[in-house]
Amino acid sequence: MDWRAIELSLRLSTLTTLVLLILGLPLASWLAFSRWRWKFFVEAVVALPIILPPTVMGFYVLIAIGPHSPIGQAYAAITGRGLPFSFQGLLVASVLYSLPFAVQPFTAAISTVDKRLIEASWCLGRGWLATFFRVTLPLAWPGVLAGVVLSFAHTLGEFGVVLMIGGNLSGITRTISISIFDQVQALDYGAANQTSLALVLFSFLVLAITYGLQRRGIALWPTR
Amino acid sequence: MADALTLRFRKTFPKGALIDAELQVGLNPPIVTVLFGPSGSGKTTILRALAGLECSANCVIHFGPETWVDDKTGVFIPPQRRRIGFLFQDYALFSHLTVAGNVRYGLIGLSANEQRRRISELLERFQLQDLSSRYPDQLSGGQRQRVALARTLAPQPRLLLLDEPLSALDGPTREALRGELRHLLSSLGIPVLLVTHDRVEALALGDQVAIVNEGRIVQHASIEEVFRRPLTPAIAKIVAIDTVQRVRVLQADEEFVTIAVGEARLIAAARDFPSGATEAFVCIRAEDVLLLKSVETVSASARNRLPGIVKSLTHEGPMWRIELDCGFTLTALLTRQACEELALQENDRVLAMIKATNVHLISRS
C-alpha cells in the first residue's frame, strides 16, 4: 500500500477542513443572516464546485495561481516558490473545490438557530463574536460537524482537481486517488484493491462515528 | 426632555404596513406603560425599536440625557450598549444552557464570586434554586417565564421591555402569574414598557397605556382615562367598550349634555364636551350598567333610567353579558349572583340605570 499517499491525503484533508472552518463559518453566517439583495450571486458562486467538472475547476485554479497571475506572482515573491504542483497549491484548490460541502451545511445549520436567541444575547450585552461562539455555534454544531465531515471526505476522494493542479509527485501531490489510478494503470489490481478497500473502510468509519456522535449529541443537548 | 424616554419611529414595511409612532414616557417616577392594541398594529415593532433590534432611516430615540438613535447625526447605540432588559414573547431561553447558565449569560465583567452571589440571589428571588441545573425544555411555562425574567434582570437593566409576557402561558397559569408580575414590576424601581393585546393584562399591569392602532399611537394617558374616555370611536372599539352608538345632541349646558339615541334620552356629564357639537358618539361600558326589574319602584342617584327588553344572556366566566333592547342595543355585565336574584330571562322587561358620569361622549367633528 502507498502509505505516503495515504499520509498525504489525510494531511491535505485535515488542513483543507481546518481552512474551511475558519473561512466557511464567517461566510456561512453572512449567508444565513444577510439581507443583501444580490446575495444569491454569492450563493451561486459558492455552489459552483458542485456542478463544475473538476478539470474545468482545476484548469482555472491553475491559471489563477500560475506564475503569470497576480496571485501566483505575489506568492512567488513572498515565498520564492510557485504554487502549482506544490502541496500549498493543492491546498488552495482543495479549499475551493470543497467549499460548498462545508459552507452549505454550515449555512443551513446557522439559519435554523432562532434569530430571537441571537437578539436576546445582544440585549444581554454580548457582541457579535461572543454571541456566535456562545449561542450560534453551540446550537448549530450538528450541522457544522456534518459540514466538517463532508468536506473532509470530499477532499479525501478528490481526483480531477489534484491531477490538474498537483500532478503526480510522490510525497508532495500524489494523493490516494492518484495512487490508485497509477496502480490500475500499471495493472497492479491487487494493490489498487488494497488501497481502495482501505479508503472505503476509513470513509465508512468516519461517517459512522460522526452520525453516532451526532445522535448522542442531540440526546445530550436538545437543540430543537 | 431630560427625564423622559422619547421615541419617534417611522418605517414602511415591504408589505405596505406603516409604523409612524411618537411616544414620550416619563422616567421619574418609574412607571409601567402598556402598549396596547390589536395584533399587527405595530406594538412589538415599537418595542424592538427601543431595544435597538429594529432600525429605520427615520428614527430618533432619547433616553434621559442619552441619545440612542438620531437619524440626523447617524447615531445608533447598539442593543448591547443600551443596558436594557428585553423579555421575548416566548422567552427565547438558550436551550443549550442550564437555568443557572441562562441567568449567568448577561453577567459580564463580574468576578466569579460576584457572579455566583448574583446568580444565587436571583435564583432565590424567582424560586429557581432547585431548578438551577435543569435545561429549559425540562421546565413548565411558568418556570420558563421566571427564568427569562431572572436572566433579563441579572445585568440590572435601566429599562425593562416586555413583549406579551404572559401570552406563552396557559390560561390558569396566566391568571396566577398576572398578579405576581404586577407586584414584581412595581418593586423593580425601573421604568417598564409592556406590549399586550389582552385587555385584562393591560388593566392589571399598567399605570399608563398607549393605544397603538395601525402603526400610530392614538391615545396615551392613564389606564383609567383611556379605558373610560377613549378619544375616538376606533379607540373605544380597541379598549372594548361594549356600547358605542351614534347620537344626536339635544341640549348642552355647563354640567350636563342631553342626547337622543333613537327614542331614548340619555344625560351625560358635560366634562369638556364642545358646546357647539350637534352629533356625537356615546360610549357606555357594560360594567357601568345596572339592571332592575321594571316592576320595582326605586329611588336611585343614577340620572339615566332606560326601560328595555332582555334580548340575550351569555355566560362570560363568572359574569353574564346581557344584551338589552332600549331602542338601541345596550350591553350590561352582571355577576351570576345578581343575575339569579333578578331571575333574568329572555324577553324580560327591565330598567337599565347608568350614572351620567359613566356616559362618555365623543363629539363628531
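No experiment lies behind these values; they were computed from the predicted model shown.

**Brief notes about the overall build of chain B**
Next, step 1: Each helix and strand counted, chain B has 9 helices and 21 strands in total.
Next, step 2: Expressed as lengths along the three principal axes of its C-alpha atoms, the size of chain B is roughly 75 × 50 × 40 Å.
Next, step 3: The buried share among the 365 residues of chain B stands at 39%.
Next, step 4: Counting only contacts in chain B whose residues sit at least 6 apart along the sequence, the fraction spanning at least 24 positions is 63%.

**Focus: the packing of helix H3 (residues 54-65) of chain A against helix H5 (residues 87-111) of chain A**
Residues and elements named next belong to chain A.
Next, step 1: At a closest axis distance of 11 Å, the pairing of H3 and H5 adopts a crossing angle of 130°. Here H3 is positioned oblique relative to H5, judged by the angle of their axes. Seen from above, H3 lies across H5 with right-handed handedness. Contacts between H3 and H5 involve Met57, Gly58, Val61 and Ile65 on the former and, on the latter, Gly89, Val92, Ala93, Leu96 and Tyr97.
Next, step 2: Across the contact of H3 with H5, the residue classes tally to 7 nonpolar, 2 polar and no charged.

**Thoughts on the pairing of strand E2 (residues 18-26) of chain B**
Residue and element names in this part refer to chain B.
Next, step 1: In E2, alternate side chains face the same way, and those of Ile19, Ala21, Leu23 and Val25 are buried while those of Leu18, Asp20, Glu22, Gln24 and Gly26 on the opposite face are not.
Next, step 2: Where strand E1 (residues 4-12) and E2 come together, 9 bridges link them in antiparallel fashion. Each bridged residue has a counterpart across the sheet, and for Phe9 the counterpart in E2 is Ala21.
Next, step 3: Two successive antiparallel strands, E1 and E2, enclose a turn made up of 5 residues, where Gly16 displays a positive phi of approximately 105°.

**Quick notes on the sheet that holds strand E19 (residues 329-335) of chain B**
All names here are of chain B.
Next, step 1: The strand order E16-E20-E17-E18-E19 describes an open sheet built from 5 strands, whose pairing is antiparallel. Each edge of the open sheet is held by one strand with a lone partner, namely strand E16 (290-293) and E19. Taken pair by pair, the neighbouring strands of this sheet meet at an average axis angle of 45°, ignoring direction.
Next, step 2: The pairing of strand E17 (residues 304-316) with strand E18 (residues 319-325) spans 7 bridges and is classified as antiparallel. Bridge assignment links His315 to a residue of E18, and that residue is Trp320.

**Describing the environment of Ala277 of chain B**
Residues and elements named next belong to chain B.
Next, step 1: Along the polypeptide, Ala277 turns up in the loop between strand E14 (264-269) and strand E15 (279-284).
Next, step 2: With 15 C-beta atoms packed within 10 Å, Ala277 lands in the partly exposed category.
Next, step 3: As for Ala277 and Leu123, which are separated by 154 residues in sequence, their C-alpha atoms are 59 Å apart.

**Some points on the packing of H5 of chain A against helix H7 (residues 128-156) of chain A**
Residues and elements named next belong to chain A.
Next, step 1: Their axes nearest at 8 Å, the elements H5 and H7 cross at an angle of 155°. Classified by the angle their axes make, H5 and H7 are roughly antiparallel. When you trace H5 past H7, the crossing you get is right-handed. Touching Ser94, Ser98, Phe101, Ala102, Pro105, Phe106, Ala108, Ala109 and Ile110 of H5 are Thr136, Ala140, Pro142, Gly143, Val144, Ala146, Gly147, Leu150, Ser151, His154 and Thr155, all from H7.
Next, step 2: Looking at the contact of H5 with H7 residue by residue, the class counts come to 12 nonpolar, 8 polar and no charged.

**Some remarks on the domain arrangement of chain B**
All names here are of chain B.
Next, step 1: Domain boundaries in chain B define domain 1 (4-234) and domain 2 (242-363).
Next, step 2: Here the C-alpha centre of domain 2 lies 38 Å away from the C-alpha centre of domain 1.
Next, step 3: Facing 6 residues of domain 1, the contacting portion of domain 2 comprises 5 residues.
Next, step 4: Split by residue class, the side of domain 1 that touches domain 2 holds 3 nonpolar, 1 polar and 2 charged.

**Looking at the pairing of E18 of chain B**
Residues and elements named next belong to chain B.
Next, step 1: Here E17 folds back onto E18 in antiparallel fashion, the turn holding 2 residues, of which Gly317 has a positive phi close to 60°.
Next, step 2: When E18 meets E19, the two strands line up antiparallel, connected through 7 bridges. What sits directly across from Trp320, in E19, is Leu334.

**Quick look at the environment of Arg10 of chain B**
Residue and element names in this part refer to chain B.
Next, step 1: Take Arg10: it is sitting in strand E1.
Next, step 2: The spatial distance from the C-alpha of Arg10 to the C-alpha of Ser56 is 6.8 Å, given a sequence separation of 46 residues.
Next, step 3: Setting aside anything within four residues of it in sequence, one finds Arg10 in contact with Ile19, Asp20, Ser56 and Asn58.

**So, the interface of chain A and chain B**
Much of the literature gives interface size as the accessible area that the parts lose upon coming together.
Next, step 1: In this assembly, 18 residues from chain A lie in contact with 16 residues from chain B.
Next, step 2: Counting residues per element, the ones that place at least two in the side of chain A that touches chain B are helix H6 (115-123) and H7 of chain A.
Next, step 3: Counting residues per element, the side of chain A that touches chain B draws most heavily on H6 of chain A, at 6 residues.
Next, step 4: By residue class, the composition of the side of chain A that touches chain B is 10 nonpolar, 3 polar and 5 charged.

**So, the nonpolar core**
Next, step 1: Membership of the largest hydrophobic core comes to 149 residues, with the highest contact counts inside it found for Leu35, Ile46, Ala150, Leu161, Val282 and Ala352 of chain B.
Next, step 2: For this core, the element with the highest residue contribution is H5 of chain A, accounting for 14 residues.
Next, step 3: Counting contributing residues per domain, this core is built from domain 1 (4-234) and domain 2 (242-363) of chain B, each supplying no fewer than three.
Next, step 4: Contact partners of Ile46 of chain B, with chain neighbours within four places excluded, come to Phe9, Ile19, Ala21, Leu23, Leu35 and Val212 of chain B.

**Considerations on the sheet that holds E15 of chain B**
Residues and elements named next belong to chain B.
Next, step 1: Spatially, E14-E13-E12-E15-E21 is the arrangement adopted by the 5 strands of the open sheet, whose pairing is antiparallel. Bordering the open sheet on either side are E14 and strand E21 (360-363), each of which pairs with just one other strand. Looking at each pair of strands side by side, their axes are set apart by 40° on average, direction ignored.
Next, step 2: Note: strand E12 (residues 243-252) against E15, 6 bridges, orientation antiparallel.

**Notes on helix H4 (residues 141-153) of chain B**
All names here are of chain B.
Next, step 1: Counted at 1.5 Å a residue, the expected span for H4 with its 13 residues is 18 Å, and the 18 Å between its end C-alpha atoms agrees.
Next, step 2: Those residues of H4 that sit buried are Arg144, Gln145, Arg146, Val147, Ala148, Leu149, Ala150, Arg151, Thr152 and Leu153.
Next, step 3: If you follow the buried residues of H4, they end up packed against strand E7 (84-87), helix H2 (99-104), helix H3 (112-125) and helix H5 (171-188).

**Comments concerning the confidence of the model for chain A**
Residue and element names in this part refer to chain A.
Next, step 1: In this model, chain A carries an average pLDDT of 87, and 96% of its residues clear a pLDDT of 70 or more.
Next, step 2: Across chain A, element-level confidence peaks in H6 with a mean pLDDT of 96 and bottoms out in helix H10 (residues 189-220) with 78.
Next, step 3: Confidence drops under pLDDT 50 across residues 218-224; counting only partners more than four residues distant or on other chains, this segment forms 9 contacts.

**Looking at the environment of Gln24 of chain B**
Next, step 1: By the secondary structure assignment, Gln24 of chain B is in strand E2.
Next, step 2: Setting aside residues no more than four positions away along its own chain, Gln24 of chain B makes contact with Ala4 and Thr6 of chain B.

About the criteria used
Counting restarts for each chain: residues are numbered from 1 in the order of the written sequence. Think of it this way: whatever chain is written first is A, whatever ligand is written first is 1, and the rest follow in order. Local features in this predicted model are restricted to residues whose pLDDT is 70 or higher, and side-chain atom pairs enter the listing and the counts only when it is 80 or higher, whereas totals over whole chains, interfaces and linings include all residues. Where helices and strands are cited, they refer to DSSP runs of H or I of at least four residues and of E of at least two residues respectively, numbered from the N terminus. Counts of 20 or more other C-beta atoms within 10 Å of a residue's own C-beta define buried residues, counts of 12 or fewer define exposed ones, and intermediate counts define partly exposed ones; C-beta atoms are placed from the backbone. Note on contacts: each residue gets a C-beta atom placed from the backbone, and two residues are in contact if those atoms are within 7 Å. Think of each axis as a best-fit line through the C-alpha atoms, taken over the contacting stretch in the case of a helix, with angles from 0 to 180 degrees between the N-to-C directions. An angle below 35 degrees is treated as roughly parallel, one above 145 as roughly antiparallel, one from 65 to 115 as roughly perpendicular, and anything else as oblique. Crossing handedness follows the turn of the near helix against the far one: under a right angle anticlockwise gives a left-handed crossing, and clockwise gives a right-handed one. Nonpolar residues are Ala, Val, Leu, Ile, Met, Phe, Trp, Tyr, Cys and Pro. Charged residues are Asp, Glu, Lys and Arg, and all others, Gly as well, are polar. A pair of strands is treated as paired once DSSP finds two or more bridges between them. Domain start and end points were adopted from an automatic or database domain assignment. By definition, a nonpolar core groups buried Ala, Val, Leu, Ile, Met, Phe, Trp, Tyr and Cys residues that connect through C-beta atoms lying within 7 Å of each other. Under the convention used throughout, the expected extent of a helix is 1.5 Å for every residue step, that is, one less than its residue count. Along the chain, pLDDT gives the predictor's confidence residue by residue, from 0 to 100.

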